[in-house]
Amino acid sequence: MKPGISWMAVDVEAGHLRIWALSADGAVLDRVSAVSGVADVRAETVEALILEHAGTWIDGPIRVLVSGLLSPSGDAAPVPLPCAPPDGSHARPLAMKDPRLRAYALPPVVQSRPADVLQGTYVQVAGFLKAQSQFDGVLCLPGAYSRWVQVSAAEIVSVRSFMTGALFDLLSDDLGLGAYLEEALTDPDRASFEAGVQDGLARSHLLTSDILELRATALLARQTSEAARARLFGLLVGVELAGARPYWLGQNLAVIATAPLTQLYQSALHMQAVTASCVDGEEMMLAGLRAACATLDPDDQVSNGR
């Protein structure tokens, strides 16, 4: 067992898995990140993922707080917008076969029009508001699915989502560029990215044609794969910015993600004369999970720390 572990936090949204081992005071003792292999993980698969990737951390009963489930088991009804980000008081037990796991799931947040579902994303919003409770504006949370979240009076008011990252992965594979978003953009070609943003924003109606042009330039060896990947992502971000204009134009804005996504979105917005601060997404996720854990029912709190 990992010494000092008090509880575990799990995020399973958008086909990715993250598990943290935390001490009683919330310090991170260990973490694991992997592709879950399932786009929308359900309650019945959470236990297998925990035991596969973090089973050696466990020795005796332990709390596990899970975010990102599409539909938590039990009577955890989705929370409709507008609302404050749900906390531990909204969490519901998950049925686990392993008696050591006392797991709880945070419910999804839903919007009726346009129809949308926030799974683990709102936990990052909760973490951000923990530090900036007076924030009034929009939070951009890029990733497999980019979320533009309007926040006012410590509540999530509305959201608009774009599958920019997921489309990049699909198109990158189809074009033979062969890298997932986080890998492909570790050291991007900034000039190609910015040119793509400009074209995607100015002429989104030509997106599919511009993507095919990338295939042709690759076949003719007129562009490096690094430049092609950066331009592809820039095109998709530009189209996203065109659709999300009401969320960033004239708004107080912060981008919450991991590098380099924060810097790329900040750069794309700066090209439109929009200033946005950058905030680390994992730090905000952990801040939100810690706050949610602190508001779990005290009678259910269990520790296997030594």
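Within any chain, residue numbers begin from 1 and follow the written order of that chain's sequence. This being a predicted model, a pLDDT of at least 70 is required before a residue's local features are given, and a value of 80 or more before pairs of side-chain atoms are given or counted; all residues contribute to the totals for chains, interfaces and linings. As a rule here, side-chain values cover all heavy atoms of the structure and leave hydrogens and water aside.

Caption draft 1: Looking closely at the overall build of the chain. The way it works is that DSSP assigns letters per residue, a run of H or I at least four long becomes a helix, a run of E at least two long becomes a strand, and they are numbered from the N terminus. From N to C terminus, the chain includes 10 helices and 14 strands. Throughout, radius of gyration means the C-alpha value; the globule benchmark is 2.2 Å times the number of residues raised to the power 0.38. Against the 2.2 N^0.38 benchmark of 19 Å for 306 residues, the chain shows a C-alpha radius of gyration of 20 Å, consistent with a compact globule. Seen through its principal axes, the chain has C-alpha atoms that stretch 60 × 40 × 30 Å. For every residue, the accessible area (1.4 Å probe, protein chains only) is compared with the maximum for its type, and the residue is labelled buried under 20%, exposed over 50%, or partly exposed between those bounds. When the 306 residues of the chain are sorted by exposure, 52% land in the buried category. Summing over all exposed atoms, the chain offers an accessible surface of approximately 13600 Å²; the carbon and sulfur share of this is 51%. Lys and Arg are tallied as positive, Asp and Glu as negative. Neither His nor the chain termini are counted. Note that the charge is assigned to NZ on lysines, CZ on arginines, CG on aspartates and CD on glutamates. Seen as two clouds, the 22 positive and the 34 negative side-chain charges of the chain have centres 1 Å apart. To measure how exposed things are, a 1.4 Å probe is used in the Shrake-Rupley method; for residues, cover is taken only from the protein chains shown.

Caption draft 2: Quick look at the environment of Asp187. Looking at where Asp187 falls in the secondary structure, it is placed in the loop between helix H4 (181-184) and helix H5 (190-202). For Asp187, a relative accessible area of 71% corresponds to the exposed category. It is 32 Å that separates the C-alpha atoms of Asp187 and Arg290, two residues lying 103 residues apart in sequence.

Caption draft 3: A look at the sheet that holds strand S3 (residues 28-35). Two strands form a pair only when DSSP identifies at least two bridges running between them. Reading across the sheet, the 6 strands line up as S3-S2-S1-S4-S7-S6 and stay open at both edges, with mixed pairing between neighbours. Looking at which strands have only one partner, the edges of the open sheet turn out to be S3 and strand S6 (92-94). Across the sheet, the mean angle separating the axes of adjacent strands is 25° when strand polarity is ignored. Pairing analysis gives 7 bridges linking strand S2 (residues 16-22) to S3, with the strands arranged antiparallel. Following the sheet pairing, His16 is matched in S3 by Val35. Where helix H1 (residues 43-54) meets the sheet, its contacts fall on strand S1 (7-11), S2, S3, strand S4 (62-67), S6 and strand S7 (101-105), and the angle it forms with S2 comes to roughly 60°. Against the sheet, helix H10 (residues 281-294) makes contact with S1, S2, S3 and S4, and its axis sits at roughly 60° relative to S2, the strand it touches most. Only the stretch in contact is used when fitting a helix axis, every axis being a line fitted to C-alpha atoms; angles between N-to-C directions are given from 0 to 180 degrees. What makes two residues a contact is simply this: any of their non-hydrogen atoms within 4.5 Å.

Caption draft 4: Looking closely at the sheet that holds strand S8 (residues 109-111). The strand order across the open sheet formed by 3 strands is S5-S8-S9, and the pairing between neighbours is mixed. Across the chains shown, the open sheet's two edge strands, defined by having one partner strand only, are strand S5 (79-80) and strand S9 (116-118). Pairing of S5 with S8 involves 2 bridges; the strand directions are parallel. Among the inter-strand pairings, Pro80 is bridged to a residue of S8, identified as Val110.

Caption draft 5: Molecular detail of the packing of helix H6 (residues 207-219) against helix H7 (residues 225-243). It is the contact of H6 with H7, at a shortest axis distance of 10 Å, that shows an interaxial angle of 175°. With respect to each other, H6 and H7 are oriented roughly antiparallel. Contacts from Leu207, Asp210, Ile211 and Leu214 in H6 reach Ala228, Arg231, Leu232, Leu235, Leu236 and Val239 in H7. Split into classes, the residues belonging to the contact of H6 with H7 amount to 8 nonpolar, no polar and 2 charged. Each angle gets one of four labels, with under 35 degrees taken as roughly parallel, over 145 as roughly antiparallel, 65 to 115 as roughly perpendicular, and the rest as oblique. Residues were grouped as follows: Ala, Val, Leu, Ile, Met, Phe, Trp, Tyr, Cys and Pro as nonpolar; Asp, Glu, Lys and Arg as charged; and all remaining residues, including Gly, as polar.

Caption draft 6: View of the packing of aromatic side chains. In this scheme Phe, Tyr and Trp rings, the latter by its six-membered ring, pair at centre separations within 6.5 Å, and the angle between planes marks the pair as stacked below 30 degrees, edge-to-face above 60, and tilted otherwise. Per the stated rule, a full pass over the model turns up 4 aromatic pairs. Geometrically, the ring pair formed by Phe128 and Phe135 is edge-to-face, given 5.0 Å between the ring centres and 90° between the ring planes. On the basis of relative accessible area, Phe135 is assigned to the buried category, the value being 7%. A centroid spacing of 5.9 Å and a plane angle of 25° characterise the contact between Phe193 and Phe233, whose relative ring orientation is stacked. One end of the pair, Phe193, is in helix H5; the other, Phe233, is in helix H7, and 40 residues separate them in sequence. For the residue pair Phe193 and Phe233, the accessibility class agrees, reading buried in each case. Within the aromatic cluster, the residues linked to one another by ring pairs are Phe168, Phe193, Phe233 and Tyr265.

Caption draft 7: Quick peek at the environment of Cys83. Within the secondary structure, Cys83 is located in the loop between S5 and S6. Apart from the residues lying within four places of it in its own chain, the contact partners of Cys83 are Val109, Glu155 and Ile156.

Caption draft 8: Representation of the pattern of salt bridges. Think of a salt bridge as a Lys or Arg side-chain nitrogen and an Asp or Glu carboxyl oxygen that are within 4 Å of each other. Using the criterion set out here, one finds 11 salt bridges in the structure. Here Asp199 and Arg203 are joined by a salt bridge, their closest N and O atoms 3.9 Å apart. When the shortest N-O distance is used, the salt bridge between Asp199 and Arg231 registers 3.0 Å. Remark: Arg231 occurs in helix H7 and Asp199 occurs in helix H5; sequence separation between them is 32 residues. Accessibility expressed as a relative area gives 22% for Asp199, which makes it partly exposed. Taking relative accessible area as the criterion, Arg231 reaches 12% and is therefore assigned buried. Connected via shared salt-bridge partners are Asp11, Arg18, Arg31 and Glu282.

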